[in-house]
Amino acid sequence: MDMDSASSVVLQALTQATSQDTALLKPAEEQLRQWETQPGFYSVLLNIFNNHMLDVNVRWLAVLYFKNGIDRYWRRVAPHALSEEEKTSLRAGLITNFNEPVNQIATQIAVLIAKVARLDCPRQWPELIPILLESVKGQDGLRQHRALLTFYHVTKTLASKRLAQDKRLFQDLASGIYSFACSLWSHHTDCFLQQVVAGEQAQALGSLERTLLSLKVLRKLTVHGFQEPQQNVEVMGFLNAVFERLKQFLECSRQVGPESPCREKLEKTTILYTKVLLDFLEVHPCAFIPLIQRSLEFAVSYVFTPAGEGLAFERFTVQCMNLIKTIVKNDAYKPCKNMEDSKPESLEAHKIKTAFFTHPTLTEIGRRLVSHYFLLTEEELAMWEEDPESFAVEETGGDSWKYSLRPCTEVLFLDIFHNYSQTLTPVLLEMVQNLQGPTNVEDPVQLLMKDAVYNAVGLAAYELFDNVDFDQWFKNQLLCELQVRHNRYKLIRRRVIWLIGQWISVKFKSDLRPLLYEVILSLMQDPDLVVRIETATTLKLTVDDFEFRTEQFLPYLESIFSLLFQLLQQVNECDTKMQVLHVISCVIERVSIQIRPYVGCLVQYLPLLWRQSEEHNMLRCAILTTLIHLVQGLGAESKNLYPFLLPVIQLSTDVSQPPHVYLLEDGLELWLVTLENSPAITPELLRIFQNMPALLELSSENLRTCFQIVNAYIYLSASDFLQSYAEGLCKSFCDLLKDITNEGQVQVLKVVEIALKVSPVLGAHMFQPLLPSVFRGVVDGERYPVVMSTYLGIMGRVLLQNASFFSVLLTQMAGEYNQEVGQLLGVVIEMWVDRMDNITQPERRKLSSLALLSLLPSDNSVVQEKFCGIVNICVEALHDVMTEDSDTGTFKDCMLMSHLEEPKLSDDEEPPTEQDKRKKLLALEDPVHSVSLQQYVYEKLKAQQALMGDQGFGALMETVDTEIVRQLQEFLQGL
């Protein structure tokens with residue numbers, strides 16, 4: 001690309017590419033895309049974005065194209081890679097000056113320099129770091145800042161490399177520049193603090209920006225630049241200095257008002273100091289041991305003593321709590337159960353922690369966490385009144401949680417309580433004891449305190465298992481709390497029902513469940529929406545618990561389900577509707593068919609909710625989950641939902657529709673359960689299968705469910721389904737088998753096996769294109785046992801139930817292998833006998849025996865040659881399926897099913913689906929379950945004897961091992 005002529009045309013294209021007019025924009029983008037691989041293109045881009053006289057948008061776009069080009073064409077092995085000569089020129093041009101006036105462009109240039117550095121520094125670009133350091137030392141404010149910005153991005157990028165060689169290179173770099181980085185950070189920090197004291201706000205902001213950037217550099221160097229940082233005096237000196245600087249910055253926040261331009265960056269820098277400590281602790285826990293004492297003293301002082309009042313802001317408090325939590329639960333600081341096996345470092349850390357966390361310290365931390373940090377704030381109480389749904393969702397861990405301090409506080413409480421439960425349990429129990437009995441509704445402080453203490457008891461439920469008789473507390477105290485109907489007491493009603501939810505799976509007698517259902521029924525009618533939502537959540541935890549008994553719940557089912565449905569209608573927020581739907585789904589799932597009389601209103605409402613949620617895919621996912629459980633509960637009656645249900649499945653599983661990204665997994669599950677519970681095929685249900693070919697092409701993690709859906713269609717109506725879709729399905733399967741795992745291959749083959757089982761003639765005809773590959777797999781001795789087992793299952797079905805088709809297939813394959821038909825049949829039988837051990841399922845083993853026996857009687861010399869192997873297989877299968885009747889001493893085939901028995905279900909068992917019933921009826925006609933193997937062996941051997949005569953048959957039997965013959969005679973006794 002000639003530079004002079006190229007600059008103007010590239011500049012014009014970039015200008016047009018920034019246009020809002022698509023007629024100009026699209027052609028310009030296409031032209032720029034074509035130029036990406038042209039030599040000299042990136043040199044032109046460099047000149048354009050370095051020209052400060054040009055339009056900012058054009059320069060911005062030039063930087064982006066340059067940055068993308070580094071990703072695609074900078075590596076030597078990349079297609080259309082840049083030449084070494086051009087790269088050398090570009091590297092030089094990138095660092096000739098650091099005077100970019102526009103902040104956003106300066107950041108992008110720093111990022112692209114870092115991208116090049118990741119690939120070329122230090123080997124091809126040794127001058128980069130020295131030039132950056134020289135520029136950082138300069139007196140020009142802009143140049144110094146831009147160089148420091150670039151220095152940070154380069155350091156950040158090089159620190160992120162994970163190969164051992166790259167790590168060593170970064171460590172070499174860190175040891176060479178660490179002293180300079182420390183002095184740079186110290187200088188800018190001192191300047192900032194002095195300027196704040198002098199009231200020089202504008203200068204202070206500039207110095208603070210440089211302090212922040214130099215601290216970011218030091219963070220990367222400190223955390224990733226040293227293999228054993230504890231042995232480096234400067235590193236440990238810097239980390240110790242962090243505590244002093246943190247104190248200075250927190251004091252400084254007193255002097256910098258909330259409206260000051262420095263305020264935001266000041267808080268950002270303070271947080272960055274804590275991140276340095278947290279990162280170092282995570283990466284180098286042993287090197288951090290000398291800092292444990294000081295870290296704990298610092299964090300506890302600012303979070304749990306008056307020292308932090310007026311200084312600590314929320315994010316800083318969170319970081320301090322994270323520091324305490326990480327030290328408390330760090331595995332490297334815990335000695336082994338056998339002290340002698342512990343590392344010295346672990347013992348030292350444990351000793352420091354034990355000395356720090358004294359009984360008074362732990363007591364104060366525990367009390368303050370509960371009595372200060374657990375209290376609901378005025379902002380939260382206002383939110384409860386003004387936006388109860390958002391409050392309820394956030395309190396239960398919703399995505400929109402804004403108060404990051406609360407979850408952090410609760411996690412710290414749990415970790416400290418778990419590690420020091422012996423000390424903290426009496427403290428918490430004393431706080432509970434002090435709050436016994438109903439609290440005065442006129443005392444908001446006590447109400448908030450009780451809420452906080454109950455919160456702590458709920459969080460620590462597992463730790464308090466041996467110390468709290470929850471059943472007695474529930475009956476004697478908590479039930480009374482729930483009887484107080486005053487509006488202000490809603491705080492406690494909501495907390496108590498939440499508390500019960502936390503304890504339900506820990507310690508709650510089954511006998512008390514009916515009493516709890518009475519409570520839930522009452523609170524589901526509470527005037528306060530937050531209480532009703534919390535009650536629904538506790539209901540979910542209750543029915544989810546392994547001690548849930550349906551018969552205890554049934555007397556309350558109609559009323560509670562009706563109230564849940566009302567709640568679903570009352571709430572407006574998407575997140576809340578999802579939450580209530582999950583509860584409804586859970587209830588339907590647990591009570592199964594018992595839900596049928598009560599779902600009418602829900603069934604009528606869901607189509608409306610589906611339409612209203614068009615823009616809320618996550619809510620639609622919740623609706624799909626509810627429909628899955630609803631269909632399972634309704635069974636065959638779910639056919640009445642088809643006008644709504646089938647279009648929902650159609651949309652959710654159509655990969656050409658954008659919502660499928662969110663809805664596909666649940667949509668496929670709904671499709672499957674709909675088929676499994678369908679009493680009969682309908683044209684509309686059959687038509688949905690048009691979505692399947694595209695789904696099979698995806699080859700995604702949902703492939704197994706897709707195969708289950710195909711199988712369900714075959715069980716439902718093999719004739720209609722296979723005649724409509726077998727041809728396309730065969731093509732999809734052939735494409736899949738070219739590139740699929742062994743497990744996937746088995747899933748494909750199982751579809752063919754089921755089709756042959758349901759309809760031997762139609763199945764063989766429809767899947768004819770796939771059967772030669774199955775035949776080849778058997779003849780060639782497929783080496784994966786599970787695949788071979790499935791091959792033999794398919795061959796068994798064809799040979800036993802469609803002998804004429806097997807004969808045609810054998811003739812076809814004999815031509816392919818250039819062998820005689822008899823010779824190839826001999827190979828098949830020999831391989832079958834040899835690989836019988838690959839078949840582990842008793843049904844398939846019996847099928848193989850029946851199939852090979854079906855070749856008898858035969859005067860074919862090949863079959864007679866393999867007679868010994870066939871008998872061996874039959875005796876093996878007889879051992880598998882024959883059981884001895886203890887009363888008569890005779891043997892019977894345990895796989896025989898003589899009549900359709902309705903199984904007696906236990907409380908925990910699901911009733912059979914329509915598909916289960918179809919499988920049962922099919923089994924009655926299946927030779928595996930309708931033909932006695934013992935009788936079949938006897939009849940086939942008798943027929944062979946009749947064909948050959950006693951002498952010929954006797955000679956044939958002599959080819960069989962005498963022990964096998966003895967076992968065979970034992971099985972055939974009495975026939």
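Residues numbered from 1 in each chain as written. Predicted model: local features only at pLDDT ≥ 70, side-chain atom pairs only at ≥ 80, totals over all residues. Heavy atoms only, no water.

### Re helix α4 (residues 56–73)
Thought 1: The end-to-end C-alpha separation of α4 is 25 Å, in line with the 26 Å expected for 18 residues at 1.5 Å each.
Thought 2: When we look at burial in α4, the residues that qualify are V58, R59, L61, A62, V63, Y65, F66, K67, G69, I70 and Y73.
Thought 3: For α4, the N-terminal cap is D55; the gap from its side-chain oxygen to the backbone nitrogen of N57 is 3.0 Å. (Helix = DSSP H or I, 4+ residues; strand = E, 2+ residues; numbered from the N terminus. Expected span 1.5 Å × (residues − 1). Buried < 20%, exposed > 50% of the residue type's maximum accessible area, 1.4 Å probe, protein only. Polar contact = N/O pair within 3.5 Å; in protein donor to acceptor, adjacent residues only side chain to side chain.)

### Notes on the domain arrangement of the protein chain
Thought 1: Split into domains, the protein chain comes out as domain 1 (717–840) and domain 2 (865–972).
Thought 2: Taking only C-alpha atoms, the centre of domain 1 and the centre of domain 2 are 23 Å apart.
Thought 3: Contacts between the two partners involve twelve residues from domain 1, matched on the other side by ten residues from domain 2.
Thought 4: In total, domain 1 and domain 2 occlude about 910 Å² of area from one another, counting both sides; carbon and sulfur atoms represent 73% of this. (Domains from an automatic or database assignment. Contact = heavy atoms within 4.5 Å. Buried area = accessible area lost by both parts, 1.4 Å probe.)

### Describing a nonpolar patch on the surface
Thought 1: A grouping of M618, V661 and Y662 is seen on the molecular surface, where their side chains present a nonpolar patch of about 330 Å² in accessible area.
Thought 2: Along the chain, Y662 turns up in helix α31 (residues 660–676). (Patch = residues over 30% accessible without salt bridge, like charges linked within 9 Å, V, L, I, M, F, W, Y side chains within 5 Å. Areas by Shrake-Rupley, 256 points an atom, 1.4 Å probe, with all protein chains shown as cover. Salt bridge = Lys/Arg side-chain N within 4 Å of Asp/Glu carboxyl O.)

### Some thoughts on the confidence of the model for the protein chain
Thought 1: When pLDDT is averaged along the protein chain, the result is 92; 97% of the residues meet or exceed 70.
Thought 2: Looking at the elements of the protein chain, mean pLDDT is at its lowest for strand β2 (residues 891–893), recorded as 82, and at its highest for helix α23 (residues 490–503), recorded as 97.
Thought 3: Here residues 398–403 scores under 50 on pLDDT; set against residues more than four positions off or in separate chains, the count is 13 contacts. (pLDDT = per-residue confidence, 0-100.)

### Topic: the environment of Q604
Thought 1: Assignment of secondary structure puts Q604 in helix α28 (residues 600–612).
Thought 2: According to the relative accessible area criterion, Q604 is exposed, its value standing at 65%.
Thought 3: Taking the C-alpha atoms as reference points, Q604 and L641, 37 residues apart in sequence, are found 9.4 Å from one another.

### Description of the environment of P647
Thought 1: Within the secondary structure, P647 is located in helix α30 (residues 642–652).
Thought 2: Among the residues examined, P647 registers a relative accessible area of 45% and is labelled partly exposed.

### As for the pattern of salt bridges
Thought 1: As enumerated under the stated definition, the model contains 41 salt bridges in all.
Thought 2: Salt-bridge contacts for D71 lead to K115; the nearest nitrogen and oxygen are separated by 3.2 Å. Of this pair, D71 sits in helix α4 while K115 sits in helix α6 (residues 103–120), and the two are 44 residues apart along the sequence.
Thought 3: Judged by relative accessible area, which is 46%, D71 ranks as partly exposed.
Thought 4: Between K161 and D166 there is a salt bridge whose closest N-O contact spans 3.5 Å. Assigned by exposure class, K161 and D166 land together as buried.
Thought 5: Residues joined by salt bridges that share partners form a network here, namely D451, R494, R495 and E534.

### Some remarks on the environment of A452
Thought 1: Along the chain, A452 falls in helix α21 (residues 444–459).
Thought 2: Sequence separation between A452 and F546 is 94 residues, and the spatial gap between their C-alpha atoms is 29 Å.
Thought 3: Those residues in contact with A452 that sit more than four places away from it in its chain are V370, F374 and L375.

### Points about a positive patch on the surface
Thought 1: Together, R75, R118, R162 and K167 make up a region of like positive charge exposed at the surface.
Thought 2: On the basis of relative accessible area, K167 is assigned to the partly exposed category, the value being 37%. (Lys, Arg positive; Asp, Glu negative; His and termini not counted. Charge placed at Lys NZ, Arg CZ, Asp CG, Glu CD.)

### A few points about the packing of aromatic side chains
Thought 1: Inspection of every chain in the model, using the stated rule, returns 41 aromatic pairs.
Thought 2: Relative to Y713, the ring of F689 lies with its centre 5.2 Å away and its plane at 80°, an arrangement referred to as edge-to-face. Of this pair, F689 sits in the loop between α32 (683–687) and α33 (692–698) while Y713 sits in helix α34 (residues 703–738), placing them 24 residues apart in sequence.
Thought 3: By relative accessible area, F689 is classed as buried at 2%.
Thought 4: Plain terms: the ring middles of Y713 and F721 are 5.1 Å apart, the flat faces sit at 10° to each other, and that makes the pair stacked. F721 matches Y713 in its accessibility class, with the two residues each being buried.
Thought 5: Ring-pair connections join several aromatic residues into one group, and the members of that group are W35, F41, Y42, F49, F66 and Y73.
Thought 6: R495 extends its terminal NZ or CZ atom over the ring of W498, reaching a point 4.7 Å from the ring centre. (Phe/Tyr/Trp six-rings, centres within 6.5 Å; stacked < 30°, edge-to-face > 60°. Lys NZ or Arg CZ within 6 Å of the ring centre and 35° of its normal.)

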